[in-house]
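As a plain string of letters, each chain reads:
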Amino acid sequence: MKGTGVLPVLAVFLYNALTVFTVSAHAVDWYQVEVVLFAYTEPDAGGELWYENPGLPARRQTIGLIMETADPVSVDTPDAPEDEDLKPYVSLHGQDYRLAGIRRVMASSREYRPLLHVAWQQPGLDARNVRAVRLDNTRFERKAAEQVEVEPEPGQVRDEPEYTPPIKIFDGTVKLRKSRFLHLDVDFAYFPNTLEQPDLDMPEPATGYRRLSADYVRLTESRRIKPDDLNYFDHPLFGLVVEVSKIVSADDAD
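Residues numbered from 1 in each chain as written. Predicted model: local features only at pLDDT ≥ 70, side-chain atom pairs only at ≥ 80, totals over all residues. Heavy atoms only, no water.

**Student:** In this structure, what is going on with the sheet that holds strand β11 (residues 238-248)? I would like to understand it.
**Tutor:** For sheets, the rule is that strands pair by backbone hydrogen bonds, running either parallel or antiparallel. Strands sit in the order β5-β1-β11-β10 across an open sheet of 4 strands; the sheet is antiparallel. Among the strands making up the open sheet, the edge pair consists of β5 (112-123) and β10 (230-234). Recorded for the sheet is a direction-independent mean angle of 15° between the axes of neighbouring strands. Sheet strands touched by helix α2 (residues 100-108): β1 (30-40), β5, β10 and β11. Its angle to β5, the strand with the most contacts, is close to 165°. (Pairing = 2+ DSSP bridges. Helix = DSSP H or I, 4+ residues; strand = E, 2+ residues; numbered from the N terminus. Axes fitted to C-alpha atoms, helices over the stretch in contact; angles between N-to-C directions. Contact = heavy atoms within 4.5 Å.)

**Student:** Please clarify how the nonpolar core should be interpreted in this entry.
**Tutor:** For soluble globular proteins, the rule of thumb is that nonpolar side chains tend to be buried together. Within the largest apolar cluster, 36 residues are counted, with the highest numbers of intra-cluster contacts made by Trp120, Leu135, Val174, Phe238, Leu240 and Val244. For this core, the elements supplying multiple residues, two or more each, are β1, β5, β6 (132-136), β7 (170-178), β8 (182-190), β9 (217-225) and β11. With sequence-adjacent residues up to four places away left out, Phe238 is seen in contact with Leu37, Phe38, Ala39, Tyr40, Phe188, Tyr190, Val217, Leu219 and Phe233. Residues Val36, Phe38, Met106 and Val241 belong to the second largest nonpolar core, which totals 5 residues. (Core = buried A, V, L, I, M, F, W, Y, C linked by side-chain atoms within 4.5 Å. Buried < 20%, exposed > 50% of the residue type's maximum accessible area, 1.4 Å probe, protein only.)

**Student:** What should I look at first to understand the pattern of salt bridges in this one?
**Tutor:** Side chains that differ in charge, positive against negative, can pair when their charged atoms come close. Overall, the coordinates contain 9 salt bridges when judged by the stated rule. A salt bridge links Arg134 to Asp171; its shortest N-O distance comes to 2.9 Å. On the criterion of sequence distance, the pair formed by Arg134 in strand β6 and Asp171 in strand β7 is long-range, its members being 37 residues apart. No difference in accessibility class separates Arg134 from Asp171, as the two residues are buried. Residues Asp136 and Lys168 are paired through a salt bridge, measuring 2.9 Å at the closest nitrogen-oxygen approach. Of this pair, Asp136 sits in strand β6 while Lys168 sits in the loop between α3 (137-148) and β7, and the two are 32 residues apart along the sequence. (Salt bridge = Lys/Arg side-chain N within 4 Å of Asp/Glu carboxyl O.)

**Student:** Any chance you could explain the side chain of Gln32 here in plain terms?
**Tutor:** Summarising the element assignment, Gln32 is placed in strand β1. Among the polar contacts made by the side chain of Gln32, one reaches the side chain of Gln121 at a distance of 3.1 Å. (Polar contact = N/O pair within 3.5 Å; in protein donor to acceptor, adjacent residues only side chain to side chain.)

**Student:** Would you mind showing me how to read the sheet that holds strand β2 (residues 62-64) here?
**Tutor:** Spatial ordering of the open sheet is given by β2-β6-β7-β8-β9, a layout of 5 strands whose pairing is mixed. Whereas interior strands pair on both sides, the edge strands pair on one side only; in this sheet they are β2 and β9. Going from strand to strand, the sheet's axes swing by 20° on average, the running direction of each strand aside. Two elements, β6 and β7, share 4 bridges in a ladder whose sense is antiparallel.

Shown next, in the form of structure tokens:
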């Protein structure tokens, strides 16, 4: 695949750049953020119609997770973590997820289809300095494809398959910001297999204006949260479960 050699270089560059950020890590509280994104298999829209695409979440002031998994820092660790142990926006190992039970229940249920389960650690910053984490299924699928790519045997020529872009399923952001209290902002677009609403494609008799069916729906919500609480963000077609846990307190720096 053309250009794949650039990705490891960019990952190393971004990783080193973010490591510099941890110099004053103990000046702020640090949190672990975990997200389970799911779709309803048989959604009840309650007669709601969706027309005209609502627009995608903004990309400015966002950051993508570094997909090289890291060992988490924990409040249960006997020794206070060193600054170099705190690396922001690095995806954690699946074995370190706290919501694994919820994800298993959803996977075994006929009502839900899990779309994403991911976790990371980050500092609690104010609105001016914080960056929203961007979660896009096409980026996760490209990374998975790179990890399973098999090197050819010596003397053999690599078989280059025809590139097929991943199908967009979800594209969203999760922003954790802190002032006096913690706040969580979620903004997600979900692309279901179909949003068949044939009546919307018919011109209105009075104006002749044609309302086109939407290709995707969007959920946008902001709320104040408490550490270790489960937070549900719900849409008739999909939803999120998010848990934020404090892992390091700024007071520990003393």
